[in-house]
Amino acid sequence: MQYCKRCVYPANAKPGIIFDDQGICSGCRTFEHKTVFKDSVDWIARREALTDLVEEYKARQRAKDNPYDCIIPVSGGKDSHYQVWLVKQKLGLNPLLVTYNHTYNTPLGIRNLTNLVEKLDCNLLRFTTAPGSAVRISRYMLAKIGDVTWHYHAGIKTFPIRTAVQYDVPLIIWGEEGFSELVGMHNLDDFVEFTKKKRQEHDMRGFEPEDLLEEPGCPLTRYDLAPFFYPADEDIEWVGVRGIYLSNYIPWDGRLQAEFVINELGFETAQSRERTFNIYGKTDDIHANGLHDYLKFLKFGYGRATDDAANEIRHGRMTREQGIEFVLTYDHVRPYDLDIFLKKSGLTEAEFLGEIESLRDPAIWERDAAGQWRTKDNVGNHVNEPGVPEARLPQVGNWQPFTPSPSKASTRYQEDGRQSDYVLL
Ligand SMILES: [Zn+2]
């Protein structure tokens, strides 16, 4: 396997990473235009463009006596806190917050969503999927595409658009354009916006609910899939729905934003994590850092510690060697929440592993003589390769572990979802 000479990504990283002739990945190259060559991005002009854009929508909504200037899709995480603070406090908009509740919540996530609504004093609209539907969809999509979280990607990327149509609020403000940050799918100058096509291709893995209903033997009903039907084109056009990403207009740094929302808004981090060193990201759902991410490892041989280490390396806060240590420590770990999913879905662990067997990437996985799956390679075998010293970025200090915020957990729950089952509210 080829690994990026600067970060820790493998050549099979999704979606669509590519390497240049110096062995540096597209994510690193996209990123360096924002950091190493700071002058190449005029953030002041971008911030002004954002202000102009939102003022136009604000004026239009207020002329209609609509109480909402924009919609912000939120989970309650650090990004949500930062987005809402920025949009409400700095840009002066009246946002309607919308949440798709996938029902796989952590107690910590519920506390943070409550904190967000209280601290920033916003109206929140929350769609809760039927818990039984959530489990049925996870079970079906696990077998189909090796993903237990299809429903919440589908819900998060559909409910805000449906709400925009229903409440006649055209502007949807998303936070980070994730694929650009991870693997460099888009250049900053693309000013990429939300599209139905990208939602379908990447978030929903190519499947609309209509497609699933037509599949022979699919046990899912129209009721199960109700939250995921996209509005009609004419309704979208009538309202003029448009989704922008804040990361195209302001510099996006998850770690700095986490520190800010902890100090200013009382955002609460996890105390520790099983599968990554990052304690401030993806705090709201039980599987994001556990089973969902473990499935990525079982399919492609890497996980969230790779994502998080790549991000820290690109910011110059972590060396590649430190990143590799974290990848080797965390990416293979079997998460505790797998047991919760097995209990809910009625699968045994062997059945669960059998479901995804055909999805293991042969570029990284092979069976050993005893029939056990083994990775053929890992980034630990690529520490001192030619080209690595040349690819190194200047460091801004030594990497320091993030200090957890004081826990607000009641004695009933632990912070990271352990010893808890799916939490509905
Ligand atoms: Zn890279």
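Here goes a summary of the coordinates provided. (Residues numbered from 1 in each chain as written. Predicted model: local features only at pLDDT ≥ 70, side-chain atom pairs only at ≥ 80, totals over all residues. Heavy atoms only, no water.)

**Some details on the pattern of salt bridges**
- Taken as a whole and assessed by the stated rule, the structure comprises 30 salt bridges.
- Here glutamate 55 and lysine 58 are joined by a salt bridge, their closest N and O atoms 3.6 Å apart. Of this pair, glutamate 55 and lysine 58 both sit in helix H2 (residues 43-63), three residues apart, which is roughly one turn of the helix.
- On the basis of relative accessibility, which here comes to 16%, the residue lysine 58 falls in the buried class.
- Residue glutamate 268 pairs with arginine 111 through a salt bridge whose shortest N-O separation is 2.8 Å. Of this pair, glutamate 268 sits in the loop between helix H13 (254-265) and helix H14 (291-300) while arginine 111 is found in helix H4 (residues 107-120), placing the two residues 157 residues apart along the sequence.
- With a relative accessible area of 1%, glutamate 268 lands in the buried category. (Salt bridge = Lys/Arg side-chain N within 4 Å of Asp/Glu carboxyl O. Helix = DSSP H or I, 4+ residues; strand = E, 2+ residues; numbered from the N terminus. Buried < 20%, exposed > 50% of the residue type's maximum accessible area, 1.4 Å probe, protein only.)

**Considering the pairing of strand S1 (residues 70-73)**
- A two-sided burial pattern is seen for S1, the buried positions comprising Cys70 and Ile72 on one face and Ile71 and Pro73 on the other.
- Both S1 and strand S2 (residues 95-101) contribute to a ladder of four bridges, which runs parallel. Residue pairing across strands places proline 73 opposite valine 98, the latter belonging to S2.
- Each parallel crossover has a hand, and the one from S1 via helix H3 (residues 78-90) to S2 is right-handed. (Pairing = 2+ DSSP bridges. Right-handed = clockwise from strand over helix to strand, strands pointing away.)

**Digging into helix H15 (residues 304-314)**
- Most of H15 sits out of view: ten of its eleven residues are buried.
- Of the residues trailing H15, glycine 316 is marked for its positive phi of about 75°.

**Examining the side chain of asparagine 66**
- Along the polypeptide, asparagine 66 turns up in the loop between H2 and S1.
- Here the side chain of asparagine 66 touches aspartate 168 through a polar contact of 3.1 Å, landing on its backbone oxygen.
- Not counting the four nearest positions on each side in its chain, asparagine 66 is found in contact with Gln61, Tyr167, Asp168 and Val169. (Polar contact = N/O pair within 3.5 Å; in protein donor to acceptor, adjacent residues only side chain to side chain. Contact = heavy atoms within 4.5 Å.)

**Quick word on the coordination of the zinc ion**
- Around the zinc ion, the donor atoms from the protein are Cys4 (SG), Cys7 (SG), Cys25 (SG) and Cys28 (SG), and they sit 2.3 Å away.
- Counting residues between consecutive donors of the zinc ion along the chain gives the motif C-x2-C-x17-C-x2-C. Of this pair, cysteine 4 sits in the segment before helix H1 (26-32) while cysteine 28 sits in helix H1, and the two are 24 residues apart along the sequence. Cysteine 28 carries the same exposure label as cysteine 4, and that label is buried. (Donors = N, O, S within 2.8 Å, 3.2 Å for Na, K, Ca; no water.)

**Describing the packing of aromatic side chains**
- Scanning the model with the defined rule gives 20 aromatic pairs in all.
- Between tyrosine 82 and phenylalanine 260, the ring centres sit 6.1 Å apart and the planes meet at 85°, which makes this aromatic pair edge-to-face. With tyrosine 82 in helix H3 and phenylalanine 260 in helix H13, the pair connects residues that are 178 residues apart, well separated along the chain.
- A relative accessible area of 13% places tyrosine 82 in the buried class.
- Judged by its relative accessible area of 25%, phenylalanine 260 is partly exposed.
- Put simply, the rings of Tyr100, Phe127, Trp150, Phe159 and Phe228 pair up and form one aromatic cluster.
- For the cation-ring pair, arginine 60 lies above tyrosine 57, with the distance from its terminal atom to the ring centre recorded as 4.7 Å.
- Of note, lysine 157 hangs over the ring of tryptophan 174, and the distance from its end group to the ring centre comes to 5.6 Å. (Phe/Tyr/Trp six-rings, centres within 6.5 Å; stacked < 30°, edge-to-face > 60°. Lys NZ or Arg CZ within 6 Å of the ring centre and 35° of its normal.)

**Some points on unusual backbone geometry**
- Cis rather than trans, the peptide bond between lysine 14 and proline 15 has omega equal to -10°.
- Here threonine 103, not a glycine, exhibits a phi torsion of approximately 75°, which is positive.
- Mapped onto the secondary structure, threonine 103 falls in the loop between S2 and H4.
- Residue aspartate 168 is not a glycine yet carries a positive backbone phi of 55°.
- For aspartate 168, the location among the structural elements is in the loop between helix H7 (159-167) and strand S4 (171-174).
- Aspartate 168 sits in the partly exposed class, given a relative accessible area of 28%.

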